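Structural overview for review
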Amino acid sequence: MTRSDSESARWISGLVIIFIALFMAASVLFSYFCWEGDQSGLQLSTEERETLGVTPENMCGWLGARVGMWLVDQSFGLFGLLLPIIVLLLGVRVIRKRPLLVNHLALSLVLVMLLGSLTLGFAFGSKWSLCASTGWGGAFGIEVAKLLHGHIGGFGTVILLLGGWILTGVFINRNFINMVNDATTVLVDKGGQVVDLLRHRDEANEQLQETIEEETDDEPIAPKRVATKPAPRPVVEPAPEPQPEQQPEMRVSQPESRPTLQEAVKRELTEENPFEVVDLSQKKAEQRVVMGAGGLVELERPRVIKDGPFEEIDLSPRVETPPVEEPKPVVEVPTEGFELIEEPKQPAIQPAVQPAQQPATPAVESEGLVVVVREPKEEEAAKQVSELYDPTKDLLNYKKPPFALLEDYQSDSEVSEDEIFENKCKIEDTLKTFGIPIQKIKATVGPTVTLYEIVQAQGVKIAKIQGLEQDIAQSLKASGIRIIAPIPGKGTIGIEVPNRNKRIVSMYSAIRSKRFHETKAELPVVIGRTIQNENYVFDLAKMPHLLVAGSTGTGKSVGLNAIITSLLYRKHPSELKLVMIDPKMVEFSLYGKLERHFLAKMESEDKVIITDPMKAVYTLNSLCTEMESRLELLSQAGTRNIVEYNQKFTARRLNPEKGHRFLPYVVVVIDEFADLIMMAKEVERPVMRLAQKARAVGIHLIVATQRPDVKVITGGIKANFPARIAFRVIQMIDSRTILDRPGAEQLIGRGDMLFSLNGDVTRVQCALVETEEVERIVDHISKQQGYTSAYLLPDFVPEGGEGAMGSEEQDMAPKKYDSLFAEIARDAVMNGSISTSMIQRNYEVGFNRAGRIMMQLERAGIVGRAQGAKPRDVLFHDSPSLEAKLQELGLF
């Protein structure tokens with residue numbers, strides 16, 4: 001049979017199946033409305049119907065009435081209509097030359113048909129039937145429901161049906177699980193808010209009750225006595241009871257809620273039990289008491305001197321002994337914390353003898369009394385752990401942004417099996433046309449592209465397949481494909497083909513991912529999703545700097561917002577500070593509200609978002625000063641990086657009085673680096689210094705540009721930026737400038753990017769975060785309690801000392817003005833415009849000197865304030881008025 005004959009047979013078979021399905025569907029639909037009369041006629045024979053003149057009401061005749069009775073009454077009831085639809089899909093697949101195996105859609109319809117019939121049969125049975133003689137669920141649904149009800153009962157049947165519908169929903173729609181999780185999250189959040197409200201109300205009531213009790217309680221609360229069982233005592237002659245006027249005075253210096261040793265001794269003596277001592281100390285200290293007959297020692301409150309892992313207890317004894325000479329009995333008190341024995345009088349204080357296996361502890365002996373206090377090591381360790389410095393306690397009530405602030409962009413567009421099969425066939429046919437046989441081909445579907453991995457036959461060179469890139473793109477009718485030959489770590493060749501319907505990767509799904517929350521990274525960032533549909537998470541602290549490049553409109557700004565959003569969701573304001581440089585003045589303006597939480601600036605600056613190129617240079621040099629200061633602190637502490645330093649500081653092993661402090665991470669985000677370096681060439685020097693040395697002290701750079709030129713991305717910058725992100729570019733040379741390899745010119749835009757780290761390239765679809773989402777996150781943070789100001793960086797003084805940045809009075813002095821000041825002022829009035837870059841070009845001076853002259857012109861009132869990258873306004877419009885001003889300044 002020829003190819004044309006097989007095509008004709010295929011079309012004929014497919015059309016026959018489609019027509020049969022349409023007839024079945026029409027029969028079922030008409031059966032819904034005329035089943036009573038038709039079924040009465042079907043019970044008669046053909047001769048009887050002809051004799052009685054009975055005609056079918058079903059528009060498809062008696063055959064249609066019988067088909068409707070089979071599919072509706074005797075089968076699946078109302079859901080019997082789905083069976084003709086399944087047959088219709090079978091005919092379509094035959095015509096389109098698709099595999100006849102059970103596909104996802106057909107199997108989903110079968111599950112819905114079975115579960116729907118069973119549900120209606122269980123719910124209604126044979127009652128209220130309007131479309132079938134048996135009932136809404138048909139004979140199948142009613143009989144199976146009765147069978148289940150007899151075995152597992154009504155409640156068990158409900159659970160089974162509910163579980164079946166949930167599993168069917170998961171099978172049909174992969175986003176069904178996300179919908180259930182979202183609903184559960186909303187319920188849990190609402191319940192948590194109610195619980196928090198009740199808990200706060202109970203705490204407020206308890207505090208109010210305590211305040212009332214404190215105000216109404218006039219007498220101190222008596223210390224709680226701990227009852228102990230007295231030990232058997234030897235028969236001794238008790239000492240005479242002292243007279244009331246001779247009672248020793250007791251001085252209590254400890255809190256009333258914790259009775260002292262003197263109070264315990266006095267209480268026992270007054271109860272005529274002079275030799276039994278009750279241990280009421282809340283500490284499990286080991287003490288030894290030696291007491292003479294009737295002797296009583298009064299101790300001041302111990303003074304605790306911390307030194308190392310132990311505490312030295314300084315006791316000040318005062319002894320009052322009644323003038324009664326009695327023999328000194330030896331009594332052992334079987335309490336846990338005290339030991340009572342008799343010792344002879346000593347004229348001087350001697351240290352108590354401790355067991356050899358225990359460290360020596362302070363002891364006091366006076367008039368037959370020795371007190372030894374020993375602190376256990378366990379409590380010391382617990383105290384040291386509890387005394388760790390926590391930098392987040394400055395903003396203890398700070399709450400990180402919730403997930404609900406982000407949008408969950410649900411996308412129904414998925415790559416169908418038909419599209420994958422069609423692309424496989426086209427790739428295989430194209431390669432066979434050029435004499436390249438394929439042994440195996442496998443598809444991995446991603447959000448934007450699908451990766452087809454092929455294994456060529458033995459003896460086929462990889463370069464031959466690479467040369468067919470344009471031919472494969474032509475056969476696939478794709479906007480651009482990328483060939484990875486070979487795939488690193490695999491023995492296959494990859495062909496990345498853009499999907500017809502691209503899915504949106506939301507920042508909501510990326511932030512909520514398990515991989516992002518379980519990572520132990522210091523600066524975790526989730527940027528998007530790979531071809532394998534895995535969230536791509538990296539640690540900015542290990543990069544250590546990031547270079548981002550791409551043409552206008554390819555998703556570069558969205559990528560920067562995704563990075564910043566990731567950091568805001570994971571870090572506390574005390575752990576992270578951001579320095580934002582935005583020459584365009586519109587990209588980072590939304591983050592200005594975070595000044596008292598996450599932003600850093602120089603002490604002399606008013607704005608936290610740097611837009612002026614000259615101020616950007618000053619800020620970067622200020623960061624260099626901060627870097628040197630941090631390196632000095634690390635050197636003094638004997639640490640190599642910021643993690644070790646902060647661990648020592650939080651463990652209170654570094655003295656703040658010596659300049660040590662907790663060091664937050666500082667992330668510098670620079671947008672439009674090409675424009676910045678064009679306006680101020682001096683910006684490259686501090687960027688290079690920070691890129692080379694700032695990693696160890698927690699200062700990291702994110703540099704973005706839309707013009708990946710070799711004059712902008714120099715060899716020095718590329719050497720210190722091993723992590724690079726390339727969005728779509730126009731030319732291959734631009735891709736080589738960013739990634740040192742081609743590929744970025746074949747991206748499709750809209751967030752499609754290549755992430756290169758130490759030479760390994762990964763294709764990622766960037767997560768989408770809109771401006772409205774950023775606004776909600778910023779508003780949530782800015783409404784909370786923050787610091788009094790932004791994180792202050794040291795001021796940078798340019799070359800020339802304080803005179804260049806001094807006060808107005810210093811600038812007004814004639815000796816402080818530059819030698820070119822008058823000439824540049826006249827030139828500005830003559831041309832009507834002036835800028836720092838114009839001074840550099842026209843007078844061949846450096847940036848620092850040009851900046852100083854511009855500052856002098858501004859403070860003298862000749863030019864206006866800076867307006868970003870625009871030239872400054874000239875406030876004098878004629879030469880006579882300018883000459884008068886220069887004469888006033890003493891520069892005529």
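The structure contained in this document is the topic of the report that follows. (Residues numbered from 1 in each chain as written. Predicted model: local features only at pLDDT ≥ 70, side-chain atom pairs only at ≥ 80, totals over all residues. Heavy atoms only, no water.)

**Comments concerning the overall build of the protein**
Rule in force here: In this description a helix means any DSSP run of H or I spanning at least four residues, a strand means any run of E spanning at least two, and both kinds are numbered starting from the N terminus. Relative accessibility decides the category of a residue: with a 1.4 Å probe and only protein chains considered, values under 20% of the type maximum give buried, values over 50% give exposed, and everything between is partly exposed. Surface exposure here means Shrake-Rupley accessible area, sampled with a 1.4 Å probe, where a residue is shielded only by the protein chains that are shown.
Scanning the protein from terminus to terminus reveals 27 helices and 24 strands. When each of the 892 residues of the protein is scored for burial, the buried share is 46%. Total accessible area on the protein is roughly 47,300 Å²; 55% of this is exposed by carbon and sulfur atoms.

**Looking at the pattern of salt bridges**
Spelled out, the test is: Salt bridges are defined by distance alone: a side-chain nitrogen of Lys or Arg within 4 Å of a carboxyl oxygen of Asp or Glu.
Evaluation of the coordinates by the stated rule reveals 28 salt bridges. For Lys584, the salt bridge is made with Glu587, and the minimal N-O distance between the two is 3.1 Å. Its relative accessible area of 35% is what places Lys584 among the partly exposed residues. In this structure, Glu672 and Lys584 form a salt bridge, with 3.5 Å as the shortest nitrogen-oxygen distance. Of the two residues, Glu672 is situated in the loop between strand S19 (665-670) and helix H18 (673-679) and Lys584 in the loop between strand S16 (576-581) and strand S17 (600-602); the sequence distance between them amounts to 88 residues.

**Looking at the environment of Lys584**
Using the following cut-off: Should any heavy atoms of two residues lie within 4.5 Å, those residues are considered in contact.
Taking the C-alpha atoms as reference points, Lys584 and Glu672, separated by 88 residues in sequence, lie 7.4 Å from one another. Not counting chain neighbours up to four residues away, the residues in contact with Lys584 comprise Asp671 and Glu672.

**Some points on the packing of aromatic side chains**
Here is the rule: Pairing of aromatic rings covers Phe, Tyr and the six-membered ring of Trp, with a centre-to-centre limit of 6.5 Å; geometry is then stacked below 30 degrees between planes, edge-to-face above 60, and tilted otherwise.
Going through the model one piece at a time under the given rule, you end up with 10 aromatic pairs. A ring pair is formed by Tyr398 and Phe598, whose centres lie 6.3 Å apart and whose planes are at 70°; its orientation type is edge-to-face. One end of the pair, Tyr398, is in the loop between helix H9 (377-386) and helix H10 (417-433); the other, Phe598, is in the loop between S16 and S17, and 200 residues separate them in sequence. With relative accessibility at 10%, the residue Tyr398 sits in the buried group. Relative to Phe755, the ring of Phe538 lies with its centre 5.0 Å away and its plane at 40°, an arrangement referred to as tilted.

**Focus: the environment of Thr392**
With respect to the helices and strands, Thr392 occurs in the loop between H9 and H10. A C-alpha to C-alpha distance of 7.9 Å links Thr392 and Glu575, two positions 183 residues apart in sequence.

**With respect to the environment of Arg661**
Residue position: Arg661 is located in the loop between helix H17 (642-650) and S19. Judged by relative accessible area, which is 27%, Arg661 ranks as partly exposed. With near-sequence residues (within four places) excluded, Arg661 lies in contact with Glu626, Ser629, Arg630, Leu633, Tyr645, Phe649 and Tyr791.

**Notes on a nonpolar patch on the surface**
Put simply, the test is: Patch membership needs two things, relative accessible area over 30% and no salt bridge, and members are linked within 9 Å if like-charged or within 5 Å if nonpolar (Val, Leu, Ile, Met, Phe, Trp, Tyr).
Taken together, the side chains of Trp11, Leu15, Phe19 and Leu22 define a hydrophobic patch exposed on the protein surface, amounting to about 420 Å² of accessible area. Tracing the chain through its elements places Trp11 in helix H1 (residues 3-42).

**Let's talk about the pairing of S19**
So the rule is basically this: Strands were regarded as paired on the criterion that DSSP finds at least two bridges between them.
In terms of burial, S19 is a largely internal element, 6 of the 6 residues being buried. Burial along S19 is two-sided: Tyr665, Val667 and Val669 and Val666, Val668 and Ile670, pointing in opposite directions, are all buried. Summarising the sheet, S16 and S19 pair through 6 bridges and their orientation is parallel. Bridge assignment links Leu578 to a residue of S19, and that residue is Val667. Across 5 bridges, the pairing between S19 and strand S20 (residues 699-705) is parallel. Residue pairing across strands places Val668 opposite Leu701, the latter belonging to S20.

**A word on the sheet that holds strand S14 (residues 535-539)**
Our working rule: Think of each axis as a best-fit line through the C-alpha atoms, taken over the contacting stretch in the case of a helix, with angles from 0 to 180 degrees between the N-to-C directions.
Across the sheet, 10 strands lie side by side as S14-S13-S23-S22-S21-S15-S20-S19-S16-S18; this open sheet has mixed pairing. Two strands bound the open sheet, and with one partner strand each, they are S14 and strand S18 (609-610). Against the sheet, helix H15 (residues 556-570) touches strand S13 (524-530), strand S15 (546-549), S16, S19, S20 and strand S23 (760-766), its axis set at about 130° to S13. In this fold helix H16 (residues 613-637) packs onto S16, S18, S19 and S20, with an angle of close to 155° to the strand it touches most, S19.

**Considering the sheet that holds strand S9 (residues 438-445)**
Taken in spatial order, the 4 strands line up as S9-S10-S12-S11 in an open sheet, and their pairing is antiparallel. The outermost strands of the open sheet, each flanked by one partner alone, are S9 and strand S11 (482-484). Adjacent strand axes in the sheet meet at a mean angle of 20° when their direction is disregarded. Here S9 runs beside strand S10 (residues 449-456); their pairing, made up of 7 bridges, is antiparallel. Bridge pairing in S10 links Thr444 to Leu451.

**Some words on helix H4 (residues 82-95)**
Note the cut-off: The length a helix should cover is 1.5 Å for every residue beyond the first.
Taking 1.5 Å of rise per residue, 14 residues should cover 20 Å, and H4 covers 20 Å from first to last C-alpha, within 8% of that figure. What H4 keeps buried is the set Leu82, Pro84, Ile86, Gly91, Arg93, Val94 and Ile95. Count one or two residues on from H4 and you reach Lys97, which has phi positive near 60°.

**As for the packing of helix H24 (residues 821-831) against helix H25 (residues 836-843)**
Worth spelling out the cut-off: With respect to orientation, any angle under 35 degrees is reported as roughly parallel, any angle over 145 as roughly antiparallel, any angle of 65 to 115 as roughly perpendicular, and every other angle as oblique. By convention, the crossing between two helices is left-handed when the near helix turns anticlockwise from the far helix through less than a right angle, and right-handed when the turn is clockwise. Three classes are used, and their members are as follows: Ala, Val, Leu, Ile, Met, Phe, Trp, Tyr, Cys and Pro are nonpolar, Asp, Glu, Lys and Arg are charged, and the others, Gly among them, are polar.
As a packed pair, H24 and H25 sit with axes 12 Å apart at the nearest point and diverge in direction by 115°. As judged from the angle between their axes, H24 and H25 are roughly perpendicular. Two packed elements cross with a definite hand, and for H24 against H25 that hand is right-handed. Contact residues: Glu823, Ile824 and Asp827 in H24; Ile839, Asn842 and Tyr843 in H25. Residue composition of the contact of H24 with H25, by class: 3 nonpolar, 1 polar and 2 charged.

Keep in mind these numbers describe shape, not what the thing actually does.
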